[in-house]
Amino acid sequence: MSNRFIPHTDSDIAAMLKRIGVATVDDLYADIPEEVVFKGEYALPEGMSEIELRRFFKELGAKNRRLTVFAGGGAYDHYSPSVIPHLLERSEFYTAYTPYQPEISQGTLQYIFEYQSMISELTGMESANASMYDGATATAEVMFMMVASSRKKNRVLVSSTISERVLEVVRTYARFHGVELTEIPECDGVTDLKAIPAELAKGDVAGVIVPTPNRYGIIEDYTGLADMVHEAKALLGINADPSALAVLRTPAEWGADIACGDGQTLGMPLQFGGPYLGYIACSNSMLRKMPGRVVGATVDASGKRCYVLTLQAREQHIRRQKATSNICSNQSLMALYATIYVALMGNDGLREVNRLSCDGAHYLAGRLVESGKFRLAFDKPFLKEFVVKTDLDVKKINRRLLDAGIMGGLDLGNGMIEFAVTEKRTREEIDKLVTLMLQED
Amino acid sequence: MSTVKDDLRYAESHEWVKLEGDIATVGISDYAQHALGDIVYVDMPEVGDEVEAGEVFGAVESVKAASDLLSPVSGTVEAVNEILEDAPESINADAYENWIMKVKVSDPAELEALLDAAAYAKLCENE
Amino acid sequence: MKEYDKLIFEISRPGRKGYELPADNYGHDALADIPAGLMRGEAAELPEVSELDVVRHYTNLSNKNFGVDTGFYPLGSCTMKYNPKINEEVAAMPEFAEIHPLQEAETAQGALELYYNLQQALSSLAGLEEFTLNPYAGAHGELTGLMVMSQYHISRGDTRRTKVIVPDTAHGTNPASAMVAGLEVVEVKSKPNGSIDVEDLKPLLDDTVAGIMMTNPNTLGMFEVEILEIAKLVHDAGGLLYYDGANFNPLLGKVRPGDMGFDIMHINLHKTFSTPHGGGGPGSGPVGVAKHLVDLLPNPRVKKDAEGKFYVTGDDRSLGSVSTFFGNFGVMMKAYAYILTLGRNNIRNVGPMATLNANYIKESLKDAYKLPIEGPCKHEFVFDGLLDKSNGVTTLNVAKRLLDYGFHAPTIYFPLLFHESMMIEPTETESKETLDEFIDVMHRVAREAAEDPEVVKRAPVTTAISHPDETGAAKNPILSYRSLKKAKA
């Protein structure tokens, strides 16, 4: 029976069976109807030694191509400091589970407290939870928070300038849960704020959700929106890139009640889409409607400062079908990732990341526009992501780039390409990108 | 053991109610506060809200339990006990003194369907 | 050793830094061109610390934690098995870590092949047709699976089926997932031994029932021996069967949920397939379905063409999307490495050895702890507190005393069926010696409870903190450094 993950020797098994009082291990399964016992072979290969496994993954990995990334769309190629994976590999962190026993989980509890503090600082909101799965599911949960907060209203307005991938998830959750979702149209790349008052006037809107930056990378102007929404006794939620919030006007400054988004931009590896990190932060009046785990500071019997899971009465294991959400496991280790990242970078580092990304993006935009072959799709302020329009064949351009080991911008159709530039890209890489894009076939 | 006050009516969901004129004062029973343990939060309705008999009007939370509050009567919320916002534990100290809301009832006859003290005491014994 | 008690914010010093970035050679400050009204007013208060400050701080925090690598972690229903180190190495490979989720499929063939082959492996292990790996965790898998259930009825125009039957012993997540999926929960009663009461189930099965959600072995670790009858009843009534894979571990190598009649299931890769629990996540909650439900799985889907090339696609009949991209891909890599390491033969020992370990502890301790249900359990079982409760020593006291002896506590006060529940799950990766030590300690605690109960009630006494004020924490929530400073002032 024994292998390196299963330590049972034959004599162990014999002694254990004797204590239990049965003759064979199969006897422990004697209650299972014979018809359902699996007698076939699993469609799996033979077990591999570590040498073989390493070789296997090396060969599998060789079928991927590591590219110079100029695309975003919800996953950004930011710099990941070397320190982080080393600390994440402390197995006291990653082999623990949810900190149910605070006496032996102060490490986890404290980093979550620090994480919540950092998310609160970045968003400007009073309180944050211990993390969600990703930005899309966090946004869907914000929709539920809004509906749960108003006793009778069941409609949520969501801007169609939120990323399509987030919208897809929000639509799915809304359809099954029975939330009426209305998508606010876009006008020249931004939320058509003029369309909102008429919807609010119907009196059935629980909340409004808008993005910053939006799906085209545009930093939208939400002046007056919060007042408009609050006057209608509805809530304002903003889906925001937490890295960008080191420089951009925060959800709190826009007057939002809830902030949410994806924390991948806090230096997380692309990793083919995950694990990343969802976050939710809110004003304290919304605290008891916030889903997920929350860590609070308290003191122990001897007066020592410590941290515990708190406000648990909101959660599914207590409230069952009356809970605000079903989330239990979250992305805790990625919350630690974000915490260490923000600790290393600090406010200045995050500002520099944004400055380099923004300058690089504007340099690329400028070079493309000056060629005469591209123009900006929208005349609106942007940070690190932007859309250009061209009459050239986008597919051909991207094919040419791919041949040179570059992942070009995302093809949005109709000659529109969306680029993202991070601090990892260099001026030389951008020059090379532009040269290739302008090349005649 | 928990006390049951004679002059009140009780719901099976452990709320008590006292009718004076057309104003019903509503709280949770001593038995309920015992069962919950240290109360840390009371979610109360807003003045002016309409409540319906048997429907949820709020919730009480302890560290590891939460319980919806069901209104024993129908009507309009006239007042909520603001003391509970900062001191929810008052309910643990005296569940009958520390009411949760006052309702202007629309149908006083609804009270007749509720339990009297003796019947409620018996219910608690059996739980 | 000196006790470390600082927050990262408290070791911050203005002007200190923990990063270096390349110089900005673009020659223009584009950030400054953005209208001031769109920019942040007040700066965030974030730590300013050196790289070594950060390394020491988080290393010190890690020392305050207990993980599977520290010691035995018999947390029932969580399957805290060993997390193989090679899995971590594989998941960190830059050939995967640097792949963008929107790369052309031809440049991500390795990642797509892994996704495809892992879902095939899970299908074979579960006896189902196909899996989506997109859900991020067990609860997310439950939600996705219930959406499949709902979508199935909707797609057939059968819109009245809005109820899902859940056993009254189920974990709170089941009814909560049903609520999120827009389904109404109907509880079916359990018999005193924790298994579903088939007679109570029958009258519930009308044409408004979308399906039943259950786990097998059930919450008490006992196999639902009437599963085939339950499956027939539910199917005959037009409903579907959902299998909560939280308890899949003991069946690995023995029974496949698909063969028991289940139409939909989720698997917790962080339980059965050894990926780390990460202090609460990331997990992964793949959802598998029977053949007639495959088209309803969430987008995006990964498929293989006739030439053996992998591609990303969507299906119009799909229930929609539940994730931004492909779920927690890094976690999938670890699970796949685990499956490949064990291979088709060794994986058959996982369930049996987990079951052997659980029964061994159960039989060794029932002289001191109250065993409400006799008979062979599967991977876990429940004690209803101490056999002798006369000194008032509770399950919570026992759990805390275990911390003093260097063990993690079992899951306590769940299931709700008993007042003093203590749910113990050892997993197959623990040796007989570890189990013997645990058994000794549990006996010792029972003796202490009888002879010197205050010792148990005072516990823990050896941990960094003891008896935190949870009531105070919930009454006046302090959830950030900023509010902590305010509370102090």
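Residues numbered from 1 in each chain as written. Chains lettered and ligands numbered in written order. Predicted model: local features only at pLDDT ≥ 70, side-chain atom pairs only at ≥ 80, totals over all residues. Heavy atoms only, no water.

Helix and strand counts for chain C come out as 16 helices and 12 strands. Over its C-alpha atoms chain C spans a radius of gyration of 25 Å, differing by no more than 12% from the 23 Å that the globule rule assigns to 489 residues. With respect to the principal axes defined by its C-alpha atoms, chain C has extents near 75 × 70 × 45 Å. Put simply, chain C has 489 residues, and 67% of those count as buried. Taking the contacts inside chain C whose residues are at least 6 apart along the sequence as the reference set, 68% of them involve residues at least 24 apart. Accessible surface, chain C: about 15900 Å² in total, of which carbon and sulfur atoms supply 48%. Within chain C, one finds 47 positive and 65 negative side-chain charges whose respective centroids are separated by 2 Å. (Helix = DSSP H or I, 4+ residues; strand = E, 2+ residues; numbered from the N terminus. Rg over C-alpha atoms; globule rule 2.2 N^0.38 Å. Buried < 20%, exposed > 50% of the residue type's maximum accessible area, 1.4 Å probe, protein only. Contact = heavy atoms within 4.5 Å. Areas by Shrake-Rupley, 256 points an atom, 1.4 Å probe, with all protein chains shown as cover. Lys, Arg positive; Asp, Glu negative; His and termini not counted. Charge placed at Lys NZ, Arg CZ, Asp CG, Glu CD.)

This next bit is on the sheet that holds strand β4 (residues 39-43) of chain B. Residue and element names in this part refer to chain B. With antiparallel pairing, three strands are arranged side by side in an open sheet as β4-β6-β7. The two strands at the open ends of the sheet, each matched to only one other strand, are β4 and β7 (66-70). Between one strand and the next, the sheet's axes are offset by a mean angle of 20°, whatever the strand orientation. In terms of strand pairing, β4 meets strand β6 (residues 56-62) through four bridges, oriented antiparallel. Paired with D43 across the strands is A59, a residue of β6. (Pairing = 2+ DSSP bridges. Axes fitted to C-alpha atoms, helices over the stretch in contact; angles between N-to-C directions.)

All right, on to the sheet that holds strand β14 (residues 385-390) of chain A then. Residue and element names in this part refer to chain A. The sheet built from four strands is open, its strands ordered β13-β14-β17-β16 with antiparallel pairing. Edge strands, defined here as strands with exactly one partner in the open sheet, are β13 (374-376) and β16 (410-413). Averaged over all neighbouring strand pairs, the angle between strand axes comes to 35°, with direction disregarded. Two elements, β14 and strand β17 (residues 416-420), share five bridges in a ladder whose sense is antiparallel. In the sheet register, K389 faces β17, and the bridge partner there is M416.

With their axes 9 Å apart at the nearest point, helix α1 (residues 10-20) of chain A and helix α11 (residues 350-365) of chain C run at an angle of 45° to one another. It follows from the interaxial angle that α1 of chain A and α11 of chain C lie oblique. α1 of chain A and α11 of chain C meet at a crossing whose hand is left-handed. Seen from α1 of chain A, the contacting residues are I13, M16, L17, R19 and I20 of chain A; seen from α11 of chain C, they are M353, L356, N357, N359, Y360, E363 and S364 of chain C. (Parallel < 35°, antiparallel > 145°, perpendicular 65-115°, else oblique. Left-handed = near helix turned anticlockwise from the far one by under 90°.)

Once that is clear, we can look at the environment of D68 of chain B. With respect to the helices, strands and loops of the structure, D68 of chain B is situated in strand β7. Once the C-alpha coordinates of D68 of chain B and S13 of chain B are considered, the two residues, 55 residues apart in sequence, prove to be 9.1 Å apart. The contact partners of D68 of chain B, leaving out residues within four places of it in the chain, are R319 and K322 of chain A together with E15, V56, G58 and A59 of chain B.

Among the nonpolar cores identified, the biggest contains 130 residues, and F57 of chain A together with F273, I347 and Y369 of chain C are the most heavily contacted of them. Tallying contributions element by element places helix α10 (residues 329-346) of chain C first for this core, with 11 residues. Apart from residues no more than four positions distant in its own chain, F57 of chain A is found in contact with V90, M93, F96, L114, M333, Y336, A337 and L340 of chain C. (Core = buried A, V, L, I, M, F, W, Y, C linked by side-chain atoms within 4.5 Å.)

Across the contact, nine residues belong to chain A and 16 residues belong to chain B. Approximately 910 Å² of surface area, both sides summed, lies buried where chain A meets chain B, with 42% of it carried by carbon and sulfur atoms. Remark: the boundary between chain A and chain B carries one salt bridge. Across the pair R288 of chain A and E61 of chain B runs a salt bridge, and its minimum N-O distance is 3.2 Å. Summed over the shared surface of chain A and chain B, the result is one residue pair in polar contact (both at pLDDT 80 or more). Among the residues forming the side of chain A that touches chain B, the class breakdown is two nonpolar, one polar and six charged. (Buried area = accessible area lost by both parts, 1.4 Å probe. Salt bridge = Lys/Arg side-chain N within 4 Å of Asp/Glu carboxyl O. Polar contact = N/O pair within 3.5 Å; in protein donor to acceptor, adjacent residues only side chain to side chain. Nonpolar A, V, L, I, M, F, W, Y, C, P; charged D, E, K, R; others polar.)

With that settled, the discussion passes to the domain arrangement of chain A. Residues and elements named next belong to chain A. Segmentation of chain A into domains returns domain 1 (10-55), domain 2 (68-77 + 346-438) and domain 3 (83-340). Taken over C-alpha atoms, the centre of domain 2 sits 28 Å from the centre of domain 3. Each side of the interface is counted separately: domain 2 has 22 residues, and domain 3 has 22 residues. Taken together, the two surfaces of domain 2 and domain 3 that pack against each other cover about 1700 Å², and 60% of this comes from carbon and sulfur. At the junction of domain 2 and domain 3, the tally comes to two salt bridges. Measuring nitrogen to oxygen at the nearest pair gives 2.8 Å for the salt bridge that ties D241 to K384. (Domains from an automatic or database assignment.)

Across all of its chains, the model carries six cavities of 30 Å³ or more by this definition. A volume near 110 Å³ is recorded for the largest cavity. Lining the largest cavity are Q106, Q110, K304, R305, C306 and Y307 of chain A together with E3, Y4, D5, K64, A464 and I465 of chain C. Listed by contribution, the elements that provide at least two residues to the lining of the largest cavity are α5 (106-123) and β12 (305-309) of chain A. Considering every element that reaches the lining of the largest cavity, the biggest residue donor is β12 of chain A, with three residues. (1 Å grid on protein atoms, 1.4 Å probe; cavity = no way out; pocket = protein on both sides within 12 Å on 5 of 7 lines; lining within 4 Å. Points joined across faces, edges and corners; volume = space filled by probe spheres on them.)

What follows concerns the packing of aromatic side chains. According to the stated counting rule, one finds 34 aromatic pairs over all chains in the structure shown. Geometrically, the ring pair formed by F381 of chain C and F383 of chain C is edge-to-face, given 4.9 Å between the ring centres and 80° between the ring planes. We classify F383 of chain C as buried; its relative accessible area is 0%. Within the aromatic cluster, the residues linked to one another by ring pairs are F56, F57 and F272 of chain A together with F96, Y115, F326, F329 and Y336 of chain C. Of note, K254 of chain C hangs over the ring of Y29 of chain A, and the distance from its end group to the ring centre comes to 5.2 Å. A cation over a ring is seen here: K378 of chain C above Y29 of chain A, with NZ or CZ 5.3 Å from the ring centre. (Phe/Tyr/Trp six-rings, centres within 6.5 Å; stacked < 30°, edge-to-face > 60°. Lys NZ or Arg CZ within 6 Å of the ring centre and 35° of its normal.)

Across the boundary between the two partners, chain A contributes 192 residues, which contact 207 residues of chain C. Both faces combined, the contact of chain A with chain C buries some 17300 Å², and carbon together with sulfur accounts for 62% of it. Between E95 of chain C and K58 of chain A there is a salt bridge, with its nearest N and O atoms 2.8 Å apart. The interface formed by chain A and chain C contains 109 residue pairs in polar contact (both at pLDDT 80 or more).

This paragraph deals with the pattern of salt bridges. Across all of its chains, the model carries 64 salt bridges over all chains by this definition. Across the salt bridge formed by D192 of chain A and K194 of chain A, the nearest N and O atoms sit 3.4 Å from each other. Residue classification places D192 of chain A among the buried residues on the basis of a relative accessible area of 17%. Residue K194 of chain A is classed as exposed on the basis of its relative accessible area of 68%. Of the charged contacts in the structure, one is a salt bridge between D315 of chain C and R317 of chain C, with a shortest N-O distance of 3.2 Å. Given the relative accessible area of 12%, D315 of chain C is considered buried.

Looking now at the domain arrangement of chain C. Per the domain assignment, the segments of chain C are domain 1 (8-62), domain 2 (87-347) and domain 3 (350-470). One C-alpha centre belongs to domain 1 of chain C, the other to domain 3 of chain C; they are set 47 Å apart.

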